[in-house]
Amino acid sequence: MRNLILAVLCSVTFFCLSCKRQDSMDRIIRESLEFSLEQYSAMAGVMADKPDLLPRTIDKDGNLVTAGSGWWTSGFFPGSLWYLYEYSNDPKIREYAKMVTSRIEKEKFNRGTHDLGFMLYCSYGNGYRITGDENYRDVLLTGAKSLITRFRPNIGCIQSWNSRQGWQFPVIIDNMMNLEFLMWAFSQTGDSTYYNICVSHSDVTMKNHFRPDYSTWHVVSYDTITGAVEVKQTHQGASDESAWARGQSWGLYGYTVMYRETGLTRYLDQAVHIADFLINHPNMPDDMIPYWDYNAPGIPDTNRDASAAAIMASALIELAGYADSEKSQRYLEVAEKQIRMLSSPAYRAERGSNGNFILMHSVGSLPAKSEVDVPLTYADYYFIEALMRYRQYLEMR
Ligand code: GLY
């Protein structure tokens, strides 16, 4: 009898604790989405007077820095507004989202960069998903055609940057983030060219970008004649052999998406290996917000990168839906910790500050001394995406 009473007491306590935990995540997510809505409404009001431009970051005096549609981050602010419209159903946010999305249209003809996934799929892709606007679909399909002109069959990859710095055919790990866009084009058109390019790019990247411990090089450059690997180096990391934090998050996100889109278990295995490498890394801080590079000199006295954490959190929430139950639980715990931390005053700005961006403390390129310890649109975008994904997870359990 005594044992029975104890067991009942324990399960009631456990039930209350998990309800409390869920309540508090509910509250944090709602509060962070409301905050994002306020900040980005104010930002959209500012951007209404800046035709053709998109927000990028702030300068050292706190003034807004903008960029044109050709900068790789142009799609994130429109994409964030689409998520916030999806959350709020506020017609004003929808108008703002349409306004800034249209600023990127001309990039559908851009064959000079691999970044069309970020630029077009985050903006037009979310816009199409939410509104079904056929004009958005046309822009996306034109953009997808432009992007695949950068695929070279003898290498098996999409070229990231044009030849530079002695690199004939540089492919960066970030490029995995374009594949969701191309897999969407495959699902819309049935053209297997898109599928084959995505699978080839993922397989060649898996073979050449990853070290035995599942960390990734940033840049792998290929010889255009032989198709062989030319060099493995870094551009934004601490050294050629280091694990640049955002690059690791891009890889995690990219292989998670490729598993979702193809059902090929080698991509799930890859995503799980990357997740486990990151979560168990000796230089991962307890709060799960990575340093800008897992091998940065001076750890712990160096910058964190909120963008790497936001991308990782969003990817882990999705990956938790595919992994076995033990890993899934762990991935959700880590994502929860990251969301809690990013939603705290340590990373989330105060209302009306931070140039109307949401998160503080991201790193663009520390070696180039560019955008160090600043807000960045992509940190905000993946933070909002993680909030939306976790919210959906809470609703479904
Ligand atoms: N794709 C550029 C970056 O992650 O900084």
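Description of the structure in this document. (Residues numbered from 1 in each chain as written. Predicted model: local features only at pLDDT ≥ 70, side-chain atom pairs only at ≥ 80, totals over all residues. Heavy atoms only, no water.)

### Brief notes about the site of the ligand
Thought 1: Surveying the vicinity of the ligand reveals the residues W72, D174, Q236, W244, R246 and W250.
Thought 2: Between a nitrogen atom of the ligand and a side-chain N or O atom of D174, the distance comes to 2.7 Å.
Thought 3: Per-class residue counts for the shell around the ligand are three nonpolar, one polar and two charged. (Near = heavy atom within 4 Å. Polar contact = N/O pair within 3.5 Å; in protein donor to acceptor, adjacent residues only side chain to side chain. Nonpolar A, V, L, I, M, F, W, Y, C, P; charged D, E, K, R; others polar.)

### Remarks on the packing of helix α2 (residues 76-88) against helix α4 (residues 116-131)
Thought 1: At their nearest, the axes of α2 and α4 sit 7 Å apart, and the two run at 20° to each other. Classified by the angle their axes make, α2 and α4 are roughly parallel. Read as a crossing pair, α2 and α4 show a hand that is left-handed. For the pair formed by α2 and α4, the contact residues are F76, P78, G79, W82, Y83, Y85 and E86 on the first element and F118, C122, S123, N126, G127, R129, I130 and T131 on the second.
Thought 2: Here the residues of the contact of α2 with α4 sort into eight nonpolar, five polar and two charged. (Axes fitted to C-alpha atoms, helices over the stretch in contact; angles between N-to-C directions. Helix = DSSP H or I, 4+ residues; strand = E, 2+ residues; numbered from the N terminus. Parallel < 35°, antiparallel > 145°, perpendicular 65-115°, else oblique. Left-handed = near helix turned anticlockwise from the far one by under 90°. Contact = heavy atoms within 4.5 Å.)

### Digging into helix α3 (residues 91-102)
Thought 1: Helix length check: α3 (12 residues) gives 17 Å between terminal C-alpha atoms against 16 Å at 1.5 Å per residue, within 8%.
Thought 2: Buried residues of α3: I93, Y96, A97, V100 and T101, and no others. Viewed along the axis of α3, the buried residues span an arc of 130°, placing them on a single side of the element. More than 90 degrees from the buried face of α3, the exposed residues found are P91 and K92.
Thought 3: The residue sitting at the N-terminus of α3 and contributing the capping side-chain oxygen is D90; that oxygen lies 2.8 Å from the backbone nitrogen of K92. (Expected span 1.5 Å × (residues − 1). Buried < 20%, exposed > 50% of the residue type's maximum accessible area, 1.4 Å probe, protein only. Arc of directions from axis to C-beta.)

### Some details on the nonpolar core
Generally speaking, nonpolar side chains in soluble globular proteins are found buried as a group.
Thought 1: Membership of the largest hydrophobic core comes to 121 residues, with the highest contact counts inside it found for L182 and Y382.
Thought 2: Top contributing element to this core by residue count: helix α10 (residues 306-320), with 12 residues.
Thought 3: In this structure, F169, V171, V220 and Y222 belong to the second largest nonpolar core, which totals eight residues. (Core = buried A, V, L, I, M, F, W, Y, C linked by side-chain atoms within 4.5 Å.)

### A few points about the state of the cysteines
Two cysteines whose sulfur atoms are joined by a covalent bond form what is called a disulfide.
Thought 1: Taken as a whole and assessed by the stated rule, the structure comprises zero disulfides.
Thought 2: With no disulfide of its own, C157 has C198 as its nearest cysteine by sulfur position, at a separation of 11 Å.
Thought 3: Residue classification places C157 among the buried residues on the basis of a relative accessible area of 0%. (Disulfide = S-S within 2.5 Å.)

### Digging into the sheet that holds strand β7 (residues 229-233)
Thought 1: Taken together, three strands build an open sheet; the order of strands is β5-β6-β7 and the sheet is antiparallel. Across the chains shown, the open sheet's two edge strands, defined by having one partner strand only, are β5 (170-172) and β7. Strand-to-strand twist of the sheet, defined as the mean angle between neighbouring strand axes without regard to direction, takes the value 20°.
Thought 2: Packed onto the sheet, helix α7 (residues 192-208) meets β5, β6 (219-222) and β7 and runs at close to 110° relative to β6. (Pairing = 2+ DSSP bridges.)

### Observations concerning the pairing of strand β2 (residues 64-67)
Thought 1: Two strands pair when backbone bridges link them, and strand β1 (residues 54-58) and β2 are joined in this way by four bridges, in the antiparallel orientation. By the bridge assignment for β2, P55 is matched with T66.
Thought 2: Where β1 folds back on β2, the antiparallel hairpin that results is connected by five residues, among which G62 adopts a positive phi of roughly 85°.

### Let's talk about the environment of G112
Thought 1: Its location among the elements puts G112 in the loop between α3 and α4.
Thought 2: With relative accessibility at 38%, the residue G112 sits in the partly exposed group.
Thought 3: Separated by 37 residues in sequence, G112 and T149 place their C-alpha atoms 9.5 Å apart.
Thought 4: When residues no more than four places from it in sequence are discounted, the contact partners of G112 are R150 and N162.

### Some thoughts on the side chain of H114
Thought 1: As for its position among the elements, H114 is in the loop between α3 and α4.
Thought 2: Only 3.4 Å separates the side chain of H114 from the side chain of N175, close enough to count as a polar contact.
Thought 3: Not counting chain neighbours up to four residues away, the residues in contact with H114 comprise L147, R150, I158, Q159, S160, W161, I172, D174, N175 and N178.

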